[in-house]
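Residue-level listing of the chains:
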Amino acid sequence: MKKTLKFEVKLDENHLPLSIEMCSDDSKPEKNIKALILSAWSAKSKETLRVDLWTKDMPVHDMFILYHQSMMGMANTLERATGHNKLAGALRDYCEFFAEQTKIKETK
């Protein structure tokens, strides 16, 4: 079985993203995407290939939330994939610090 996930990016005259749309073989297009962080592992070159895009109207506060949620997801994946609870916990601790510093989560 093969599936396709496609991102379409509309650019302005300076090649900056105006809009991002995501669609797949089995779902309706998501048209209200303001940022995209995509990482892929190249087994041949042993490096991460990355695409980071955000639209002109992406609020900084929302970018902080995107990063926080992405890092929390990475901590969960790290724990599930490797069983390394201590490293995953350290990343979660950093995420807590990040949330406090960016004020996406108020300190107690």
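Here, every reference points to the structure presented above.
Residues numbered from 1 in each chain as written. Predicted model: local features only at pLDDT ≥ 70, side-chain atom pairs only at ≥ 80, totals over all residues. Heavy atoms only, no water.

Visitor: Mind showing me how you'd approach the environment of Lys28 here?
Guide: Summarising the element assignment, Lys28 is placed in strand β3 (residues 27–33). Sequence-wise, Lys28 and Cys95 are 67 residues apart; in three dimensions their C-alpha atoms are separated by 32 Å. (Helix = DSSP H or I, 4+ residues; strand = E, 2+ residues; numbered from the N terminus.)

Visitor: It is not clear to me how the pattern of salt bridges should be interpreted in this structure. Could you clarify?
Guide: Two side chains carrying opposite charge are able to pair once their charged atoms lie near each other. Tallying each qualifying case throughout the model produces eight salt bridges. The partner of Arg50 in a salt bridge is Asp52, with the nearest N and O atoms 2.7 Å apart. A salt bridge links Arg92 to Glu79; the shortest N-O distance between them is 2.7 Å. Linking Arg92 in helix α2 (residues 85–101) with Glu79 in helix α1 (residues 60–82), this pair joins segments that are 13 residues apart in sequence. Judged by relative accessible area, which is 27%, Glu79 ranks as partly exposed. (Salt bridge = Lys/Arg side-chain N within 4 Å of Asp/Glu carboxyl O. Buried < 20%, exposed > 50% of the residue type's maximum accessible area, 1.4 Å probe, protein only.)

Visitor: Would you take a moment to explain α2 for this structure?
Guide: Given 3.6 residues to a turn, an α-helix orients residues that are three or four positions apart in the same direction. Taking 1.5 Å of rise per residue, the 17 residues of α2 would be expected to cover 24 Å, and the 24 Å separating its terminal C-alpha atoms lies within 8% of that figure. Three or more residues of α2 are buried, namely Ala88, Cys95, Phe98 and Ala99. Across the axial projection of α2, the buried residues extend over an arc of 95°, all falling on one side. Residues of α2 that are exposed and angled more than 90 degrees away from the buried face: Lys86, Asp93 and Gln101. For α2, the elements touching its buried residues are α1. (Expected span 1.5 Å × (residues − 1). Arc of directions from axis to C-beta. Contact = heavy atoms within 4.5 Å.)

Visitor: Help me understand α1, please; the structure alone is not making it clear to me.
Guide: Here α1 spans 32 Å end to end across 23 residues, near enough to the 33 Å set by a 1.5 Å rise per residue. Positive phi appears at Gly83, one or two residues downstream of α1, with a value of about 75°.

Visitor: Sorry, what's going on with the pairing of strand β5 (residues 47–54) here?
Guide: Consecutive residues of a regular strand have side chains that alternate between opposite faces of the sheet. Judged from the eight bridges that link them, strand β4 (residues 35–42) and β5 form a sheet pairing that is antiparallel. Opposite Ile37, over in β5, you have Asp52 as the bridge partner. Taking the residues that link successive antiparallel strands as the turn, the β4-β5 hairpin has four residues, and the phi of Lys46 there is positive, at about 55°. (Pairing = 2+ DSSP bridges.)

Interpretation note: all reported values are geometric properties and have no functional meaning in isolation.
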